[in-house]
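Read off the chains here:
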Amino acid sequence: MAQPGCGTDVSKATLTGSLQPCQETVGGNWNGWIAPEGLSPNHLKKAKLMFFYTRYPSSNMLKMFFSDVKFNRCITSQLIKWFSNFREFYYIQMEKFARQAINDGVTGVEDLSISRDSELYRALNMHYNKANDFEVPERFLEVAQITLREFFNAIVAGKDVDPSWKKAIYKVICKLDSEVPEIFKSPNCLQELLHE
DNA sequence: GTCAGTCCTG
DNA sequence: CAGGACTGAC
């Protein structure tokens, strides 16, 4: 049909060699062993819990709260990446539930609230706090509800026709970050947080 | 050129 | 969640 095959050969030569294998020069390389020293599963767990407070942590903030890790470009980008992935999941859930509500006949945001027994809450909690051994801060519920309503209104208003309609929502949500409790700065915060 | 961020894949 | 491609600001 319409495949002239003559106007789409622009790409394929963008290997600018700007890729960095992230092989930080390991100074202390005794007897040939290179200590990986990456982020541990606990760091991931901690990051997820932090997400309940901050959706958009700055790299500086991350360095403060993960003082026990030696930051290099890889670690930094990996942590940034984690939060980016966290946000993706978060927003995908929000959109999903907002659309579901609309399909279910909900007409106003007044009928969209998020409590600890909401399906949406359970989905989020399952993702960031799977073991359910952390008490999710109330503020997170509020932010989640605001986000859900933001999506709901945007969709109802037909904003989603614009390819970048979510940007406006992100702009709103990024301002709702809370202060992360000082305890999170402790390398052993998990034990302390989950002990209570 | 780098780097933080996103998109979208797997 | 990690990879890879890509964008945008520095």
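Bear in mind the structure is a predicted one, so any value in this text is a computation, not a measurement.

Gln78, Lys81, Trp82, Asn85 and Phe86 are the nearest of the 9 residues found near DNA strand C. Within the contact set of DNA strand C, a phosphate oxygen lies 2.7 Å away from a side-chain nitrogen or oxygen of Trp82. Between DNA strand C and Asn85 there is a distance of 3.2 Å, counted from a base nitrogen to a side-chain nitrogen or oxygen. Counting only elements with at least two residues in the surface near DNA strand C, the list comes to helix H1 (41–50) and helix H3 (73–103).

Moving on, we come to the side chain of Gln93. Within the fold, Gln93 resides in helix H3. Residue classification places Gln93 among the buried positions, given a relative accessible area of 8%. Excluding its chain neighbours within four sequence positions, the residues that come into contact with Gln93 are Leu120, Ala123 and Leu124.

In this section: the side chain of Thr54. Turning to its location among the elements, Thr54 is positioned in the loop between H1 and helix H2 (59–65). Taking the relative accessible area as the measure of exposure, Thr54 reaches 1% and is therefore buried. Within the local environment of Thr54, its side chain forms a polar contact with the backbone nitrogen of Tyr56, the two atoms lying 3.4 Å apart. Excluding anything up to four places from it in sequence, Thr54 contacts Met61, Phe83, Asp177, Ser178 and Val180.

Grouped together as the largest cluster of nonpolar side chains are 49 residues, with contacts concentrated most on Tyr90 and Phe184. Listing elements by their share of this core, those giving two or more residues are H1, H2, H3, helix H4 (119–128), helix H5 (138–156), helix H6 (165–173) and helix H7 (189–195). At 11 residues, H3 tops the list of elements feeding residues into this core. Setting aside residues no more than four positions away along its own chain, Phe184 makes contact with Lys46, Leu49, Met50, Tyr53, Phe65, Phe134, Cys189 and Leu193.

Thresholds applied
- Residues numbered from 1 in each chain as written.
- Chains lettered and ligands numbered in written order.
- Predicted model: local features only at pLDDT ≥ 70, side-chain atom pairs only at ≥ 80, totals over all residues.
- Heavy atoms only, no water.
- Near = heavy atom within 4 Å.
- Polar contact = N/O pair within 3.5 Å; in protein donor to acceptor, adjacent residues only side chain to side chain.
- Helix = DSSP H or I, 4+ residues; strand = E, 2+ residues; numbered from the N terminus.
- Buried < 20%, exposed > 50% of the residue type's maximum accessible area, 1.4 Å probe, protein only.
- Contact = heavy atoms within 4.5 Å.
- Core = buried A, V, L, I, M, F, W, Y, C linked by side-chain atoms within 4.5 Å.

Read these as spatial facts, not as claims about activity.
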